[in-house]
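Working through the structure, step by step
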Amino acid sequence: NAGIGIELSTLKSPIVFAVAAGLVVGKPMGIVLFSWLATLLGVAKLPAGVNWKVLFASSCLGGIGFTMSLFIAELSLAGTLLEGGKLGTLLGSAMSAVIGGVLLVMFSPSKFEYERDANQLQTEERSRDDDPSITLASETPGLNRPVPQ
């Protein structure tokens, strides 16, 4: 229970803006930045059918996590600052949900594009299955990728 009494005077507090901005801007920025860095370093790659627009839209949904924000606000703030922190958390979470949902609808591939990509992957898998020089990871214990013989 957040126990928030919403008053217009609380909306004027800079803490409301700061917490909401952290959720709406900071979370997606961190998720996209570290995802980009991981792909740049070769540690990870985007899943099939996911482009950077879809990843960004999904990262906006990361701002919905208000449980830890409320917990941290309880530990670090008091009085009107605490009320502002709670209100900023709820507003930031709501804005993140709306922004992320709208962007996912806009950026998600259409059914045609999804089916086209799935057919392309199946074609690639069939051609790989026909190539005797490739051993699949499922056939080689401990490996997670195709390995030339």
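Our structure is the block above this text.
Summary of the structure given here. Each chain carries its own residue numbering, running from 1 in the written order of its sequence. Reporting in this predicted model follows two pLDDT cut-offs: at least 70 for local features of residues, and 80 or more for side-chain atom pairs to be given and counted; totals over whole chains, interfaces and linings ignore these cut-offs and use all residues. For side-chain calculations, the full set of non-hydrogen atoms in the structure is used, while hydrogens and water are omitted.

We now examine the overall build of the chain. Counting from the N terminus, the helices are the DSSP runs of H or I reaching at least four residues and the strands are the DSSP runs of E reaching at least two. Of the regular secondary structure elements, the chain holds six helices and two strands. Reading the secondary structure of the chain in the N-to-C direction produces α-α-α-α-α-α-β-β. When accessible area is computed with a 1.4 Å probe and restricted to protein chains, residues below 20% of their type maximum are described as buried, those above 50% as exposed, and intermediate ones as partly exposed. When the 149 residues of the chain are sorted by exposure, 22% land in the buried category. Residues are treated as being in contact if the distance between any of their heavy atoms lies within 4.5 Å. Here the contacts in the chain between residues at least 6 apart in sequence split such that 68% fall between residues at least 24 apart. Here the chain has roughly 10,200 Å² of accessible surface; of this, 66% comes from carbon and sulfur atoms. Using a 1.4 Å probe, the Shrake-Rupley method yields the accessible areas, and only the shown protein chains count as cover for residues.

To continue, consider the environment of methionine 68. Structurally, methionine 68 can be placed in helix H4 (residues 66–76). Considering only alpha carbons, one finds methionine 68 and threonine 89, 21 residues apart in sequence, at a separation of 9.7 Å.

Before going further, it helps to spend a moment on the packing of helix H2 (residues 14–40) against helix H3 (residues 52–60). Orientation of H2 relative to H3, taken along the N-to-C sense of each, is 140°, at an axis distance of 8 Å. Here H2 lies oblique to H3, going by the angle between them. The handedness of the crossing between H2 and H3 is right-handed. When H2 is examined against H3, the residues Pro28, Ile31, Val32, Ser35, Trp36 and Thr39 are found in contact with a partner set consisting of Trp52, Leu55, Phe56, Ser59 and Cys60. Among the residues forming the contact of H2 with H3, the class breakdown is eight nonpolar, three polar and no charged. Where helices are involved, their axes are fitted lines through C-alpha atoms of the stretch in contact, as for all axes, and angles between N-to-C directions lie from 0 to 180°. Here the angle decides the label: under 35 degrees means roughly parallel, over 145 means roughly antiparallel, 65 to 115 means roughly perpendicular, and every other value means oblique. Crossings are classed by handedness, with left-handed meaning an anticlockwise turn of the near helix from the far one by less than a right angle and right-handed meaning a clockwise turn. In this count, Pro and Cys sit with the nonpolar residues alongside Ala, Val, Leu, Ile, Met, Phe, Trp and Tyr, while Asp, Glu, Lys and Arg are called charged and the others, Gly among them, polar.

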